Amino acid sequence: MEGVMRTTLAEEGLRLLSTGKVREIYELDSSRLLFVATDRVSAFDVVLDSPIPQKGSILTQISDFWFKLLSKEIPSLKTHLIHAGLPDALEQTLKPEVAIQVQHRSMVVKKVNVLPIESIVRGYITGSAWTSYQNDGTFVGISLPSGLKESQKLEQPIWTPSTKAEQGQHDENISAQEVARIVGEDLARQIERLSLLIYEKASAYAAKRGVIIADTKFEFGVDESTDPPSLTLIDEVLTPDSSRFWSATKYEIGRSQVSVDKQYLRDWLVETSQKGKRGVAIPKQVAKDTSNRYNEAYQMLTGDPWDAK
Ligand SMILES: Nc1ncnc2c1ncn2[C@@H]1O[C@H](COP(=O)(O)OP(=O)(O)O)[C@@H](O)[C@H]1O
Ligand SMILES: [Mg+2]
């Protein structure tokens with residue numbers, strides 16, 4: 001299939017440290033990792049059997065874009081990004097056909113100690129928060145004002161952390177106190193404050209481009225190579241895999257929104273009664289339509305057309 005990653009760098013002699021649902025993580029040296037986004041897609045915590053063309057490249061370029069923008073907006077922010085693309089030395093030793101496949105999906109990042117929580121910020125009420133609110137007016141113990149409508153903007157964005165489950169398990173929402181128990185009070189407070197600040201800066205930027213960031217998930221780690229060790233924004237940032245993006249012009253309160261992320265694929269899984277099933281193959285057209293959503297998200301956020309890489 002056009003634009004699909006077919007190779008693994010383990011065959012090229014790199015040391016594969018771990019394989020996530022989407023990414024492959026290689027060790028470059030004691031302090032740096034090569035973070036390679038494949039075209040795999042997961043929905044409802046299950047990786048589907050077919051790739052989404054271009055997805056890994058688009059995710060990498062969107063994350064790179066945000067890491068740079070956020071570092072400018074928040075000068076004290078530490079991120080794991082060293083640079084996008086391959087290290088020069090590696091690019092020169094790889095076979096050209098392999099280098100072409102991986103260079104736009106790759107990022108050289110700092111190796112850090114990953115904190116086992118997911119830091120979610122919600123600016124709008126949707127998804128599981130909407131379901132819970134309809135039941136009892138709260139979400140993970142946070143009581144919300146009465147009379148909210150579906151997809152309504154919250155007066156203040158809320159921080160709703162969750163556990164970072166092992167592969168195949170579901171993440172569970174946890175309270176701020178629980179986070180403090182896991183990572184310590186000081187780090188928990190820093191993570192909350194920083195996540196809300198990043199969300200605020202990113203939302204203000206996205207709004208200018210006609211994009212609503214309804215909610216998003218961040219991951220953090222601790223870089224032990226600095227003195228003192230520093231809280232570091234890691235993983236992917238504000239991508240269609242980690243966020244809900246809505247078009248501001250199509251936004252209408254009181255209903256679910258047209259979203260420019262993998263919601264389209266989730267809807268297809270639900271409609272075809274395949275939600276959470278393993279071994280699901282995605283029909284060519286559905287994969288193409290999903291790829292187009294990722295492509296559109298890139299264009300909406302950066303203002304540049306996606307030129308197929
Ligand atoms: N700088 C980093 N150092 C070490 N591990 C990282 C770093 N950034 C992200 N990770 C981890 O790498 C993995 C990324 O791959 P991904 O396919 O997204 O995994 P997952 O299935 O957990 O979502 C995640 O488990 C993430 O916590
Ligand atoms: Mg991930």
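Quick note: structure is the one above.
Cut-off values and rules
- Residues numbered from 1 in each chain as written.
- Chains lettered and ligands numbered in written order.
- Predicted model: local features only at pLDDT ≥ 70, side-chain atom pairs only at ≥ 80, totals over all residues.
- Heavy atoms only, no water.
- Helix = DSSP H or I, 4+ residues; strand = E, 2+ residues; numbered from the N terminus.
- Buried < 20%, exposed > 50% of the residue type's maximum accessible area, 1.4 Å probe, protein only.
- Axes fitted to C-alpha atoms, helices over the stretch in contact; angles between N-to-C directions.
- Parallel < 35°, antiparallel > 145°, perpendicular 65-115°, else oblique.
- Contact = heavy atoms within 4.5 Å.
- Near = heavy atom within 4 Å.
- Polar contact = N/O pair within 3.5 Å; in protein donor to acceptor, adjacent residues only side chain to side chain.
- Nonpolar A, V, L, I, M, F, W, Y, C, P; charged D, E, K, R; others polar.
- Phe/Tyr/Trp six-rings, centres within 6.5 Å; stacked < 30°, edge-to-face > 60°.
- Lys NZ or Arg CZ within 6 Å of the ring centre and 35° of its normal.
- Core = buried A, V, L, I, M, F, W, Y, C linked by side-chain atoms within 4.5 Å.

A. Representation of unusual backbone geometry. The omega torsion of the bond from aspartate 227 to proline 228 falls at 0 degrees, within 30 degrees of zero and hence cis. Within the element layout of this structure, proline 228 appears in the loop between strand E14 (211-223) and strand E15 (230-234). A positive phi is found at valine 140, a non-glycine position, where the angle reads about 35 degrees. Within the fold, valine 140 resides in the loop between strand E10 (138-139) and strand E11 (142-143). Judged by relative accessible area, which is 30%, valine 140 ranks as partly exposed.

B. Structural view of the packing of helix H7 (residues 263-271) against helix H8 (residues 284-302). Contact geometry for H7 and H8: axes closest at 9 Å, N-to-C directions at 150 degrees. Here H7 is positioned roughly antiparallel relative to H8, judged by the angle of their axes. For the pair formed by H7 and H8, the contact residues are Tyr264, Leu265 and Trp268 on the first element and Val286, Asp289, Thr290 and Arg293 on the second.

C. A look at the site of ligand 1. In the vicinity of ligand 1, 16 residues are found, and the nearest of them are Lys21, Val22, Arg23, Lys110 and Glu219. Here an oxygen atom of ligand 1 sits 2.7 Å away from a polar atom, N or O, in the main chain of valine 22. Lysine 110 places a main-chain nitrogen or oxygen 2.8 Å from a nitrogen atom of ligand 1. Of all elements in the fold, only strand E2 (23-27), strand E3 (32-37) and strand E7 (106-110) reach the threshold of two or more residues within the shell around ligand 1. Each residue belonging to the shell around ligand 1 can be placed in one class, and the counts come to 8 nonpolar, 2 polar and 6 charged.

D. Structural view of the packing of aromatic side chains. Scanning the entire structure with this criterion turns up 8 aromatic pairs. Ring centres of tryptophan 130 and tyrosine 133 lie 6.0 Å apart, and the angle between their planes is 25 degrees; this geometry places the pair in the stacked category. Note that tryptophan 130 and tyrosine 133 are positioned in helix H4 (residues 127-136) at a spacing of 3 residues, about one turn of the helix. The same class applies to tryptophan 130 as to tyrosine 133, namely buried. Geometrically, the ring pair formed by tyrosine 298 and tryptophan 306 is edge-to-face, given 4.8 Å between the ring centres and 75 degrees between the ring planes. Using a relative accessible area of 10% as the deciding quantity, one classes tyrosine 298 as buried. Aromatic ring contacts, followed pair by pair, group Phe65, Trp66 and Tyr205 into a single cluster. Stacked on the ring of tyrosine 264, the Lys or Arg arginine 293 has its end atom at 4.1 Å from the ring centre.

E. Inspection of the nonpolar core at higher detail. With 65 residues, the main nonpolar core has Trp66, Ile198, Phe220 and Leu233 as its most contacted residues. If you tally residues by element for this core, the top one is helix H6 (residues 185-208), at 9 residues. What tryptophan 66 contacts, discounting residues up to four positions off in sequence, is Ala202, Tyr205, Ile213, Val237, Leu238 and Leu301. Leu34, Leu86, Leu94 and Val108 belong to the second-largest nonpolar core, a separate cluster that totals 13 residues.

F. Main features of the side chain of threonine 232. Tracing the sequence through the fold places threonine 232 in strand E15. A distance of 2.9 Å separates a polar side-chain atom of threonine 232 from the backbone oxygen of serine 230. Each residue touching threonine 232, except ones within four places of it in the same chain, is listed here: Lys78, Thr79, His80, Val112, Glu219, Phe220, Gly221 and Asp223.

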